[in-house]
Amino acid sequence: MTNKYMYFIANWKMYGNLSSVNTLNKVIEFSKSKEINKGRLIYCPPYTLIGSFLKKFKNCQIDIGAQNCHESESYGPYTGFVNSYMLKNIGANYVIIGHSENRDKDENNKLINLKIKSALKAKLKVIFCIGETLAEKRKKKTQSILSKQIKVGLDKVKNKSNIFIAYEPIWAIGTGIVPKSKDLLKTIKFIKSKFKDKSPKVLYGGSVNPQNIKNLKKINNIDGFLIGGASQNAKKFIDIVKKTYS
Ligand code: PGA
């Protein structure tokens, strides 16, 4: 049982159409119940559904984020992209930046840093993803990889109060495998130790589901979860939150 204020962020990735919005009724109902009075629910749907989600969540406390943004603060000839101001303008409050599925498509730490700075200027809260590959873990490079991602990604970011770090080991994303509790505790502690003053909140992401949440919630330095696959199913997402608090 935890009494901590926790963040539950649903990352829908490239999933969903207009009829998926109806599956959110259960989550809306749940968000109004006492069971979730100590936590925050945030949905990050694909761009195409942000407007519909905002309408749907109008009278409840569920927040909305996007899954990426362009680094340019002004409009420009960037076919297929949207920037942080456009996201803020339609009502998003959060944005995921640095997800490994985008790092995989040539997003490097420097570009991620530009994106983070533009998002903060637009007054978005940033869910900044970091994590090592399996090969890096095997070579015991986890800490040096995370250090670099944090150092470059947050370069010249003075005020970190709107940053959330999501530790997502790449080998745990979508694989059903989660790190050992003692390793996760240690890594989250290491991430927090990188900040002299107050550390940003640190979330865990990678195969979180209604079964493994019972162990994950015991890791007391985790401030919440970034949930991919399981969040696409309302019942599973609610179960994860419920089990965190039961
Ligand atoms: P997963 O994805 O929960 O499906 O592993 C997490 C993420 O990529 O954010």
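Residues numbered from 1 in each chain as written. Predicted model: local features only at pLDDT ≥ 70, side-chain atom pairs only at ≥ 80, totals over all residues. Heavy atoms only, no water.

Asks: Help me out: how do you make sense of the packing of helix α7 (residues 142–153) against helix α8 (residues 181–193) in this one?
Replies: When two helices pack together, their arrangement is given by the angle between the helix axes and the distance between those axes. As a packed pair, α7 and α8 sit with axes 10 Å apart at the nearest point and diverge in direction by 35 degrees. Every pair of crossing elements has a handedness; the one defined by α7 and α8 is right-handed. Each of Thr-142, Gln-143, Leu-146, Ser-147 and Ile-150 in α7 lies in contact with α8, whose residues at this interface are Lys-186, Thr-187, Phe-190 and Ile-191. Broken down by class, the residue content of the contact of α7 with α8 amounts to four nonpolar, four polar and one charged. (Axes fitted to C-alpha atoms, helices over the stretch in contact; angles between N-to-C directions. Helix = DSSP H or I, 4+ residues; strand = E, 2+ residues; numbered from the N terminus. Left-handed = near helix turned anticlockwise from the far one by under 90°. Contact = heavy atoms within 4.5 Å. Nonpolar A, V, L, I, M, F, W, Y, C, P; charged D, E, K, R; others polar.)

Asks: Is there a simple way to think about the pairing of strand β7 (residues 201–205) in this case?
Replies: Consecutive side chains along a regular strand alternate between the two faces of the sheet. Along β7, four of the five residues are buried, which leaves the element largely enclosed by surrounding structure. Crossover strand β6 (residues 163–167) to β7 through α8 is right-handed. Bridge count for β7 against strand β8 (residues 224–227) is two bridges, and the pairing is parallel. By the bridge assignment for β8, Gly-205 is matched with Leu-226. (Buried < 20%, exposed > 50% of the residue type's maximum accessible area, 1.4 Å probe, protein only. Right-handed = clockwise from strand over helix to strand, strands pointing away. Pairing = 2+ DSSP bridges.)

Asks: Could you clarify how one ought to interpret the packing of aromatic side chains in this entry?
Replies: In this description, a pair of aromatic rings is defined by centroid distance and the angle of the planes. Following the criterion strictly, the structure yields 12 aromatic pairs and no others. For the ring pair Phe-8 and Phe-225, a centre distance of 6.3 Å and an interplane angle of 40 degrees mean the geometry is tilted. A residue pair is termed long-range when its members are at least 10 positions apart, and Phe-8 in strand β1 (residues 6–11) and Phe-225 in strand β8 qualify at 217 residues. Both residues of the pair, Phe-8 and Phe-225, count as buried. Centre to centre, the rings of Tyr-43 and Phe-53 are 5.8 Å apart; their planes meet at 55 degrees, and the pair counts as tilted. Residue Tyr-43 is located in strand β2 (residues 39–44), and its partner Phe-53 is located in helix α2 (residues 47–56); the two are separated by 10 residues in the primary sequence. (Phe/Tyr/Trp six-rings, centres within 6.5 Å; stacked < 30°, edge-to-face > 60°.)

Asks: I tried to follow the pairing of strand β4 (residues 94–97) on my own but got confused; where do I start?
Replies: Of the two faces of β4, the one carrying Tyr-94 and Ile-96 and the one carrying Val-95 and Ile-97 are both buried. In terms of strand pairing, strand β3 (residues 63–66) meets β4 through two bridges, oriented parallel. Looking across to β4, one finds that Ala-66 is bridged to Val-95. Remark: the β3/helix α3 (residues 84–90)/β4 crossover connection has right-handed handedness. Both β4 and strand β5 (residues 125–130) contribute to a ladder of four bridges, which runs parallel. Across the sheet, residue Val-95 finds its bridge partner in β5, namely Val-126.

These figures come from the coordinates and say nothing about function on their own.
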